[in-house]
Amino acid sequence: MLDLLIKNANVNGQNVDIAVKDDRIMDIADSISLDALTVFDAQNRITIPGFVDCHTHLDKCLLNESQPYQDGTGPFKGSLTYEMKKQFTVEDITRRAEKMLKKAIKAGTLHLRTNVDVDGAVGLKGIEALLALKKKYESQIHLQVAAFAQEGVFWDGVTEPLLREALEMGADLVGGHTIAKGEGEKHIDVILALAKEFNVEADFHLDESGNREHYLLPYLAKKMIDMGLQGRVNGIHCCTLSALNEDELTDALQWIIKAQLKVTVAPTAISTRNIAPAKAVLSTGTAVGLASDNMRDFFNPLGSGDVKHVALLLSYLQRFFLQEEVDEIFSMITDKGAKVISVKDYGFRPNGQADITVLDATTTNEVIAYQGQPILLVRNGVIL
Ligand SMILES: [Zn+2]
């Protein structure tokens with residue numbers, strides 16, 4: 001007797017049945033006729049393991065609850081955030097992050113990476129809070145925690161040892177910011193060295209300002225190749241790509257290919273600068289994902305925790321309107337996103353984990369346009 005039989009699921013355009021026993025997918029086939037405790041007819045609705053959100057800041061989300069939004073430049077918003085960060089407690093971070101995490105789960109997100117600030121101002125409070133949440137919610141969402149040097153590595157004399165400690169505590173990867181405190185190349189060197197030493201991936205807020213003087217993508221790519229870290233780094237933002245001329249962009253795309261640099265586009269950054277040209281980056285064949293990034297704070301007062309929200313935003317900003325372009329956006333929040341954050345075995349397979357999300361839509365256009373919530377959420381074989 002099966003625990004769950006999902007009939008008529010639309011998986012990558014094929015109408016299939018999915019059989020679930022305990023926490024495993026027993027079978028996926030054109031037609032399965034076995035008894036099940038629960039039978040659900042998906043009526044050809046799109047069915048995925050779950051959405052992938054490649055980059056967030058759960059430790060700093062929902063700051064708007066205690067301090068109203070103020071407009072201004074990126075550095076101004078950064079300074080407001082820094083002042084609040086000094087007051088963070090583990091309890092306060094946990095409460096805000098958990099609230100947003102629940103919204104992401106409800107929206108159908110199955111894999112989510114969050115960067116967590118680690119420095120002399122906040123210490124390891126964010127890491128402690130997010131590692132505990134990762135464990136608490138492991139049956140519902142796969143959370144990846146990046147120990148993140150938001151403010152730079154060299155400014156306070158303690159960030160590097162704290163990053164090391166965070167990785168020893170169980171952080172999944174290390175994160176850097178290529179323009180932090182003007183550290184540039186030195187900053188990249190230290191973060192990549194930590195990634196190599198701890199055998200973890202790295203991600204960088206890369207060329208985030210969009211200014212040409214902060215353009216470090218070629219340096220990062222060369223360094224990745226020198227260190228044998230091809231395919232092990234995710235570049236978040238890459239805004240300066242939008243400021244390059246045609247020849248320079250061609251050169252940048254070649255570096256992305258050579259280093260197998262993965263790229264995450266965070267469309268809400270449009271509020272303070274131009275965002276990376278996603279179609280050009282996708283044309284390299286590299287893994288490109290989408291990100292909610294900041295949510296309900298000074299950088300993004302209207303974040304929702306639902307990655308479809310940013311998919312819709314990118315569709316409009318860069319005219320992803322043709323059917324194949326909408327499919328591309330959809331893949332950025334599903335299988336391509338999974339490649340960006342190195343999710344193993346994303347997709348349905350016999351004996352795979354029974355994580356199944358049935359969306360209230362029969363086409364990718366409907367998913368993005370209507371922004372509907374999932375009508376069935378199964379995690380580890382359990383209907384949520
Ligand atoms: Zn970010």
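It should be noted that the structure appears before, not after, this text.
Heads up: these notes are all about the structure in this document. Fair warning: this is a prediction, and the values are worked out from it, not measured in the lab. (Residues numbered from 1 in each chain as written. Predicted model: local features only at pLDDT ≥ 70, side-chain atom pairs only at ≥ 80, totals over all residues. Heavy atoms only, no water.)

To continue, consider helix α9 (residues 307-317). Helical geometry: 3.6 residues make up each α-helical turn, so side chains three or four residues apart lie on a common side. Every buried residue belonging to α9 is among V307, K308, V310, A311, L314 and S315, and all of these are buried. One side of α9 holds all its buried residues, which, seen down the axis, span an arc of 160 degrees. (Buried < 20%, exposed > 50% of the residue type's maximum accessible area, 1.4 Å probe, protein only. Helix = DSSP H or I, 4+ residues; strand = E, 2+ residues; numbered from the N terminus. Arc of directions from axis to C-beta.)

This paragraph deals with the coordination of the zinc ion. Protein coordination at the zinc ion: the donors are H55 (NE2), H57 (NE2), H205 (NE2) and D293 (OD), at 2.1 to 2.3 Å from the metal. Here the zinc ion binds four donor atoms, and the angle range of 85 to 170 degrees at the metal identifies the geometry as irregular. Spacing between the donor residues of the zinc ion along their common chain follows H-x1-H-x147-H-x87-D. One end of the pair, H55, is in strand β6 (residues 51-56); the other, D293, is in the loop between β13 (288-290) and α9, with 238 residues separating them in the sequence. (Donors = N, O, S within 2.8 Å, 3.2 Å for Na, K, Ca; no water. Tetrahedral: all angles 85-135°; square planar, octahedral: opposite > 155°, others 65-115°.)

Quick look at the packing of helix α5 (residues 184-198) against helix α6 (residues 217-226) now. Interhelical geometry of α5 versus α6 gives an angle of 30 degrees and a closest axis separation of 10 Å. Considering the relative orientation of α5 and α6, their crossing is right-handed. Where α5 abuts α6, its residues E185, I188, D189 and L192 lie against Y219, L220, K223 and M224. Residue classes in the contact of α5 with α6 are distributed as five nonpolar, no polar and three charged. (Axes fitted to C-alpha atoms, helices over the stretch in contact; angles between N-to-C directions. Left-handed = near helix turned anticlockwise from the far one by under 90°. Contact = heavy atoms within 4.5 Å. Nonpolar A, V, L, I, M, F, W, Y, C, P; charged D, E, K, R; others polar.)

The next subject is the packing of helix α2 (residues 90-106) against helix α3 (residues 125-136). Their axes nearest at 9 Å, the elements α2 and α3 cross at an angle of 40 degrees. When the axes of α2 and α3 are compared, the pair comes out oblique. For α2 against α3, the interelement crossing comes out right-handed. Residue-level inspection shows V90, I93, T94, A97, E98 and L101 of α2 in contact with α3, the latter providing K125, G126, E128, A129, L130, L133 and K136. For the contact of α2 with α3, a count of residues per class yields seven nonpolar, two polar and four charged. (Parallel < 35°, antiparallel > 145°, perpendicular 65-115°, else oblique.)

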